[in-house]
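# Architecture and fold: a report
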Amino acid sequence: MRRLATGGRIDRSRTLSFRFDDDTLRGHPGDTLASALLASGVRLVGRSFKYHRPRGIFSAGAEEPNALVEIGTGARRTPNTRATVQELYANLRAESQNRWPSLRSDWLSVNDLLSPLLGAGFYYKTFMWPKSFWEKVYEPLIRRAAGLGRLSGQADPDLYDQAFAHADLLVIGAGPAGLMAALTAGEAGRRVMLADEDFLMGGRLNAETHAVGGAPGGDWAAATVAALAAMPNVRLMPRTTVFGAYDGGMWGAVERVTDHLATPPEGCARQTLWRIHAPRAILATGAIERPIAFPANDRPGVMLAGAVRTYLTRFAVAPRRAAVFTNNDDGWRTARDLAAAGVEVAALIDTRRGATGDFAGRVIAGAEVTGTTGRLGLTSVSVFGGGVAETLQVDCLAVSGGWNPTLHLTSHLGAKPVWDGGIAAFVPPSTHVPGLVVAGAAAGQFSTHAALAGGAAAARAALDLEGPAPDLPEAEDGPVRITPFWQVDAPGRAWIDLQNDVTTKDIAIAKAEAFTAPEHMKRYTTLGMATDQGKTSNVLGLAVMAELAGKPMEAAGTTTFRPPYTPVTIAAFAGRHSRKEFRPTRLTTSHGLASERGAPMIEAGLWLRPAYIPRPGEATWRDSCDREVRMVRRAVGVVDVSTLGKIDIQGPDAGAFLDRVYTGTFSTLPVGRVRYGLMLREDGFVMDDGTTARLGPQHYVMTTTTAAAGDVMLHLEFVHQCLWPDLDVRFISVTDQWAQFSVAGPRARELLSGMIAEDISDAALPYMACGPVSVEGVAGRLFRISFSGELAYEVAIPSRYGAALARRLTEGAEALGGGLYGLEALNVMRIEKGFITHAEIHGRTTAFDCGLEKMMSQKKDYIGRIEAARPGLVGPEREQLVGIKPVDRTHVLRAGARFTEIGDLPNARNDLGTITSACWSPTLGHSIALGFVRDGRARIGDTIRMVDMVRRSYVPVEICALPFVDPAGEKLRG
């Protein structure tokens, strides 16, 4: 093959040098690696998986089974890259795969001589005996031979991003149907995202010679793309593959951001994984051509006819002497285009008797290709039938067995394709993915006019657009004329899956051994189990099996389509969650302020929070912590509580939903009020606690503990999707959307009154009330809740204002004798008040253990209610939450220490419980602790012993009631 002197959609003004194996070659911007290789005369690009037979470029898109190469060097080496989609760039380095020592002389091609022994199912029959050989001989050899490309073995130096997007309409595919759909929706003012896996939008229009609207199809596509790019409501996403359809109108897509660049710019992601939420979508992914099985049909130079047209029209790459083998009119188009470009077409071979058309060259109707020759590339084809039996000297054979709509995404939620005999292909069923409309060739509409009309109609139907339909440009509207023909009945091996070396003989073996079901046949023969997932082979394999079984295609069925549609880099799924960021480090909006003041940070869940804020003269953390506690108790303190999980819950059944996940009743909670809630697991143990505020008749905001925010969100999703999907409720995490600060202390109201426009007096905003407020002109929310036991408020504003509000609150607090405080002081104050955290609700405690059994409603059902009442989970034998203080106030209590009776040996038999939280209380002047003691609530006032075996500490302690400070709650209600 060679580059034509004119034509194509490449930039001939620039030349790009690249390497393939040991050869330096040249191409142009606009080339793919595959087109540049073909233009340089390279036909042999790889070896097949099992037999290591020579393989050449077969297609022109993501369906390519053969041209898989390693791109890049060192740590950036990427295996199994399809040369047909890899954009050419300067100094690109590509290496062929699955060969040794070289591509032309692959010693493992000896497997081809052993092919009679390596047919379908040979793994299952060969490696069974002797049993002892499996681990020592068979498995190591199989693992060594497995795989195609090589990983670098080095850490990936590139960055990968993840992003979210929302649109009224997602259009998948930018061919004629997709462009027309996006144009119709865009002109209607809707938010549109148009995604296409190619770097040049236009689809088949860039590969055809027929006109659209009086201009070449590629020119019309370019003009339409330019018009869409000028619309502010339309987002164009080239180099983006939508790989999966998911529940709730969610679509997965991967964008190749810098794969077309030699070196990504510093800080720029190589790929971005998109989660696109679009309630309406249009599938306009076109169709994939399928081959015909005939003996020796796997040689380099045997290509899909549509791919030959693509290389000819888009890339100006053509063979020198070609033949066309077809069972439909589309093959005639390839013959005409080749002849018009000056390529010698030896013959157009059509399996249909009496086939006629407007090709002026030699036509052999009613004939078949019965064989080929050429060790490393095609040199001739044998033709039999139609009164002919001869050999044609050609370097390219263009094969067209029909087109399969690219309907994979319609089946990702379980729908099965249906057979359409009129086009001899599977098409999407009438119901598939909710909100998805299929248009163009993906729906079986193969003419350009039908694709344009289908795209416009799909956009109008998806978005319920009214008014007259848009004017359509003139375009070809030929009918589909095809006579199904799947395989040539002639001696020799006929390949179906070129990558996995699956032949028609393998299908026959599967039939003989009763592996006739599509899924069984796939796994027994390995048909379609490689990187292309059978895009060019599965339907052909199913048809051959159907013929052998004597079944019609509509009864044959298909294999299961699963995401991803094409391979996705694992690193793209991980995003930036790698190395030290494997778990993301999350910073509060006040992080900068706390860091400026020298605050040491500690991990709280995934967040970094300041432990304390030191001041000059404070020698230890205790000095700072004690000061901060006194500061809050006597004046006012500010602490960032944005890390608490915040889940926005809305819908007519929001109250009923909360009633079922909480032990208490929330459907009766008045608007503008907050209620403390306890959540149980299904086994009756406490899962989490927090407050939930009712902001409107159908609007609640739930807060969770910092560490359990993700677990609670997953729990709610499970409950809604699996237990009560009938409830009309929606929820989403808004933790990152709101910055929230607790302002606590006797002067808290004084501090906030100067910043909030509304009346926040006790009469206007009593304890456990909430409502919208204006915080110095910014719309926010105010909650009258306290985790310190003092008069306290939590003020929430959008996160972008969080840093400014943190500074404003801190400055105001300092003017009143207070200031910023950290997690250590917060923990001390909550122990003084007897409030629990996950130190107490650690997964092994019940509501009864924590003294919260009165919160368990007896008037309704909820998750965990029955299980929590099981014998052994209630009663005096349980360890119950109590306060602990040392008899000798100078002694220190330690978290993790155990309890025994005075004088008992410290062993498991005498164990009474444990301390879960302990601190020095500057308010009381001695150590205090929270702990669980067997039948503890009945033993208030008793003396037992704390045993710390690690520190060799044995301290008499007193069991006391909670809380330690302000038991009547007068301060927090003040």
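Structure: see above.
These numbers come from a predicted model, not from an experiment.

### A short note on the environment of alanine 654
Inspection of the secondary structure puts alanine 654 in helix α16 (residues 654–661). The class for alanine 654 is buried, based on a relative accessible area of 0%. If we ignore the near neighbours within four places in the chain, the residues touching alanine 654 are Ile649, Gln698, Tyr700, Asp728 and Val729.

### Quick word on helix α8 (residues 448–463)
With 16 residues, α8 extends 23 Å from end C-alpha to end C-alpha; this agrees with the ideal 22 Å at 1.5 Å per step. Within the span of α8, buried status applies to Thr448, Ala451, Leu452, Gly454, Gly455, Ala456, Ala458, Ala459, Arg460, Ala462 and Leu463. Where the residues of α8 are buried, they touch β10 (169–172), α4 (176–187), β12 (211–212), α5 (217–229), β18 (280–283) and β32 (436–438). Aspartate 464 lies just past α8 and shows a positive phi near 55°.

### Brief notes about the sheet that holds strand β35 (residues 586–587)
Sheet architecture is open: 3 strands sit in the order β35-β37-β36, paired in mixed fashion. If you trace the sheet from one side to the other, it starts and ends with β35 and β36 (601–604), each paired once. With 4 bridges joining them, β36 and strand β37 (residues 607–610) adopt antiparallel strand pairing. Residue pairing in the sheet places isoleucine 602 in a bridge with arginine 609 of β37.

### Examining the pairing of β18
In terms of strand pairing, β10 meets β18 through 4 bridges, oriented parallel. Within the sheet, the bridge partner assigned to leucine 170 lies in β18 and is alanine 281. Strand direction decides the pairing type here: β18 and β32, joined by 3 bridges, are parallel. Residue pairing across strands places leucine 283 opposite valine 438, the latter belonging to β32.

### Description of the side chain of aspartate 948
Tracing the backbone through its elements, the reader meets aspartate 948 in strand β53 (residues 943–948). Looking at aspartate 948, the relative accessible area reads 5%, which means it is buried. Polar contacts involving the side chain of aspartate 948 include one to the side chain of arginine 951, which spans 2.8 Å. Excluding anything up to four places from it in sequence, aspartate 948 contacts Arg894, Ala897 and Ser953.

### A closer look at the nonpolar core
Formed by 56 residues in total, the largest nonpolar core has its most connected members in Phe18, Phe20, Leu33, Leu37, Ile57, Tyr311 and Leu338. Sorting elements by how many residues they give to this core places helix α1 (residues 33–39) first, with 6 residues. The contacts of leucine 33, once residues within four sequence positions are left out, are Phe18, Val69, Ile71, Ala83, Gln86, Leu88, Leu92 and Ala94. Counting residues in hydrophobic clusters, the runner-up holds 35 residues, among them Val629, Leu680, Ala825 and Met856.

### Examining the packing of aromatic side chains
A full pass over the atoms with the stated rule returns 11 aromatic pairs. On the numbers, 5.9 Å between centres and 55° between planes, the contact of phenylalanine 133 with tyrosine 138 is tilted. Overall, phenylalanine 133 belongs to the partly exposed group, its relative accessible area being 37%. A relative accessible area of 13% means that tyrosine 138 is categorised as buried. One aromatic cluster is present, formed by Trp419, Phe426 and Trp486 through successive ring pairs. Over the ring of phenylalanine 199 we find arginine 314; its NZ or CZ atom is 5.0 Å from the centre of that ring. Here lysine 535 stacks its cationic end above the ring of tyrosine 565, 4.4 Å away from the centre of that ring.

### Details of the pattern of salt bridges
Evaluation of the coordinates by the stated rule reveals 50 salt bridges. Here aspartate 298 and arginine 53 are joined by a salt bridge, their closest N and O atoms 2.6 Å apart. Linking aspartate 298 in the loop between β19 (287–289) and β20 (302–304) with arginine 53 in the loop between β4 (44–47) and β5 (54–56), this pair joins segments that are 245 residues apart in sequence. With a relative accessible area of 2%, aspartate 298 lands in the buried category. We classify arginine 53 as buried; its relative accessible area is 12%. Residue arginine 939 is joined to aspartate 942 by a salt bridge in which the shortest nitrogen-to-oxygen separation is 3.0 Å. The exposure class assigned to arginine 939 is buried, which follows from its relative accessible area of 17%. Judged by relative accessible area, aspartate 942 falls into the partly exposed class, the value being 31%.

Parameters and conventions
Residues numbered from 1 in each chain as written. Predicted model: local features only at pLDDT ≥ 70, side-chain atom pairs only at ≥ 80, totals over all residues. Heavy atoms only, no water. Helix = DSSP H or I, 4+ residues; strand = E, 2+ residues; numbered from the N terminus. Buried < 20%, exposed > 50% of the residue type's maximum accessible area, 1.4 Å probe, protein only. Contact = heavy atoms within 4.5 Å. Expected span 1.5 Å × (residues − 1). Pairing = 2+ DSSP bridges. Polar contact = N/O pair within 3.5 Å; in protein donor to acceptor, adjacent residues only side chain to side chain. Core = buried A, V, L, I, M, F, W, Y, C linked by side-chain atoms within 4.5 Å. Phe/Tyr/Trp six-rings, centres within 6.5 Å; stacked < 30°, edge-to-face > 60°. Lys NZ or Arg CZ within 6 Å of the ring centre and 35° of its normal. Salt bridge = Lys/Arg side-chain N within 4 Å of Asp/Glu carboxyl O.

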